[in-house]
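Residue-level listing of the chains:
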Amino acid sequence: MIYRLGSLGDTVVALPCFHKVAQTWPNAERIVLTNFPVSSKAAPLEVILREGGLIQAAIAYPVGTRSINELWRLAQH
C-alpha cells in the first residue's frame, strides 16, 4: 500500500519514488491510497501510474476523512 495524496504535478515529482518502489518490489501488488481529483479535467493519478506499470490499483481516500466507518472501510481493502 502506497499512501499518496496530491495533484498531478505532485505525482510527476514523485515518479522516481514510484519507479524505485516498483524496482525494489517487482512482484508485489502495488496499490495506491489517494485522493481522486475534484475536477473532471484533471487526470487521476491511477491512470498515469497504472498505464506505466507502477501500480495495479488505486483506492479513493477522501481528504480529511475522520469518519470511523469510512476509515474502517478503507482498512478492509
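Predicted model, so just to flag it, every value in this text is computed and none were measured.

Caption draft 1: Fine view of the overall build of the chain. Each helix and strand counted, the chain has three helices and three strands in total. By the compact-globule yardstick of 11 Å for 77 residues, the chain fits well, its C-alpha radius of gyration being 13 Å. Dimensions of the chain, computed from C-alpha atoms along their principal axes, come out at roughly 35 × 30 × 15 Å. Expressed as a percentage of contacts within the chain between residues at least 6 apart in sequence, the contacts between residues at least 24 apart total 61%.

Caption draft 2: Here's a closer look at the nonpolar core. Of all hydrophobic cores here, the largest spans ten residues; its members are Ile-2, Ala-14, Phe-18, Ala-22, Val-32, Leu-45, Leu-49, Leu-54, Ile-55 and Ala-58. For this core, the secondary-structure elements that each account for two or more residues are helix H1 (8-24) and helix H2 (45-51). Other than its neighbours up to four places away in sequence, Ile-55 contacts Phe-18, Arg-30, Val-32, Glu-46, Leu-49 and Arg-50. With five residues, the next largest nonpolar core counts Ile-31, Ile-59, Tyr-61 and Leu-74 among its residues.

Caption draft 3: Looking closely at the sheet that holds strand S1 (residues 2-3). On the basis of which strands lie adjacent, the open sheet formed by three strands has the order S1-S2-S3 and parallel pairing. The open sheet has two free edges, formed respectively by S1 and strand S3 (57-60), since each of these has just one partner strand. Here S1 pairs with strand S2 (residues 31-34) via two bridges, running parallel. Paired with Ile-2 across the strands is Val-32, a residue of S2.

Caption draft 4: Quick peek at a nonpolar patch on the surface. A contiguous nonpolar patch, built from Leu-8, Val-12, Val-47 and Ile-48 and spanning about 300 Å² of accessible area, is present on the exposed surface. Those elements giving two or more residues to the nonpolar patch turn out to be H1 and H2. Mapped onto the fold, Ile-48 is located in helix H2.

Caption draft 5: Structural context of H1. In a regular helix each residue adds 1.5 Å, so 17 residues correspond to 24 Å; H1 covers 24 Å between its end C-alpha atoms and thus fits that length. Approximately 50° is the largest bend angle found in H1, and it occurs at Ala-14, with the proline Pro-16 only one to four residues beyond. For H1, the complete set of buried residues consists of Thr-11, Ala-14, Phe-18 and Ala-22. On its buried side, H1 packs onto S1, S2 and H2.

Conventions used here
Residues numbered from 1 in each chain as written. Predicted model: local features only at pLDDT ≥ 70, side-chain atom pairs only at ≥ 80, totals over all residues. Heavy atoms only, no water. Helix = DSSP H or I, 4+ residues; strand = E, 2+ residues; numbered from the N terminus. Rg over C-alpha atoms; globule rule 2.2 N^0.38 Å. Contact = heavy atoms within 4.5 Å. Core = buried A, V, L, I, M, F, W, Y, C linked by side-chain atoms within 4.5 Å. Buried < 20%, exposed > 50% of the residue type's maximum accessible area, 1.4 Å probe, protein only. Pairing = 2+ DSSP bridges. Patch = residues over 30% accessible without salt bridge, like charges linked within 9 Å, V, L, I, M, F, W, Y side chains within 5 Å. Areas by Shrake-Rupley, 256 points an atom, 1.4 Å probe, with all protein chains shown as cover. Salt bridge = Lys/Arg side-chain N within 4 Å of Asp/Glu carboxyl O. Expected span 1.5 Å × (residues − 1). Bend = angle between axes of the 7 residues up to and from the residue.

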